[in-house]
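Residues per chain, in single letters:
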Amino acid sequence: MLVVEDEDVLADAIAEWLRREAFAVDVAYDGDAALERLGVNEYAVVVLDRDLPVVHGDEVCRAIVDSGGDTRVLMLTAAAAVRDRVAGLALGADDYLVKPFAFVELAARVHALTRRARPAAPPTLRRAGIAVDPGRREVHRDGRYVPLSRKEFAVLAELLRADGAVVSAEELLERAWDEHIDPFTNVVRVTVMKLRRKLGDPPVIETVPGAGYAIR
């Protein structure tokens, strides 16, 4: 996720709420910084304040749409008039939320946009006796409930979404953490180790030397 909001306190609060929902979140406090991040990172959803300094939110939205990618835009604004909402959607925004808003509603809209940003997936991810329900954030193995931390859940979900393909540590860092994570950290290896222990025997997460991890 990328949160673009010039009110620092609000931006950080949105980012923290979304991280609690197991999203990896970057933050930009003006339109120019947002365009810089969009130039180097791929985001499933951008939570975009319309009234931004330096580069207006409308220009950021146009740049996202013109890029032709799959990034979804949730536009935020203090303007509640119908014509303002229509104008925002006409720019290419996928959804529109008027300030002030409830964080729980914002999170629900982001979840909905995330489902639209990636190819359709079954409601419950299943492989090798593991069942992951993204909506309820529940994991079971062979019918046994497995309690996981937010990051463990995010890593496991990404491995299952790969449908047997290898996922590199770099890809897991990008999808489950944010841009501030040290790229040389061993946090992915440690998280996978904890996952293996919690999921139990026989082991289902395979280490592919020099490539990453997979659940076959």
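Residues numbered from 1 in each chain as written. Predicted model: local features only at pLDDT ≥ 70, side-chain atom pairs only at ≥ 80, totals over all residues. Heavy atoms only, no water.

Going by an unreviewed UniProt entry, the protein carries the name Transcriptional regulatory protein CutR and comes from Micromonospora andamanensis.

### Some points on the sheet that holds strand β4 (residues 72-77)
What counts here: Pairing between strands is defined by DSSP: at least two bridges between them are needed. Working definition: helices are DSSP H or I runs of at least four residues, strands are E runs of at least two. Numbering for both runs from the N terminus. Between the N-to-C directions of two axes lies an angle of 0 to 180 degrees, each axis being a line fitted to C-alpha atoms and, for a helix, fitted only over the stretch in contact. In what follows, a contact means two residues having at least one pair of non-hydrogen atoms within 4.5 Å.
Strand order across the open sheet formed by five strands is β2-β1-β3-β4-β5, with parallel pairing between neighbours. Both outer strands of the open sheet, β2 (26-28) and β5 (95-98), are each paired with one neighbouring strand and no more. The mean inter-strand angle of the sheet, taken between neighbouring strand axes irrespective of direction, is 15°. Contacts between helix α3 (residues 57-66) and the sheet are confined to β3 (45-49) and β4, with β3 contributing the most and set at about 160° to the helix.

### Some remarks on helix α6 (residues 150-161)
What counts here: The span one expects for a helix is its residue count, reduced by one, times 1.5 Å. Type-normalised accessible area, obtained with a 1.4 Å probe on protein chains alone, sets the label of each residue: buried when under 20%, exposed when over 50%, and partly exposed for intermediate values.
Between its first and last C-alpha atoms α6 spans 16 Å; for twelve residues at 1.5 Å apiece the expected length is 16 Å, and the two agree. Among the twelve residues in α6, nine count as buried, and that is most of the element. Three or more residues of α6 are buried, namely E152, F153, A154, V155, L156, A157, E158, L159 and L160.

### Structural notes on the packing of aromatic side chains
Definition in use: Pairing of aromatic side chains here covers Phe, Tyr and the six-membered ring of Trp, requires ring centres within 6.5 Å, and sorts the geometry by plane angle: under 30 degrees stacked, over 60 edge-to-face, intermediate tilted.
Counted under the stated rule, the structure contains two aromatic pairs. Ring geometry for W17 against F103: centres 5.5 Å apart, planes inclined by 20°, an arrangement best described as stacked. Separated by 86 residues along the polypeptide, W17 in helix α1 (residues 8-20) and F103 in helix α5 (residues 103-117) bring together distant segments of the chain. By relative accessible area, W17 is classed as partly exposed at 29%.

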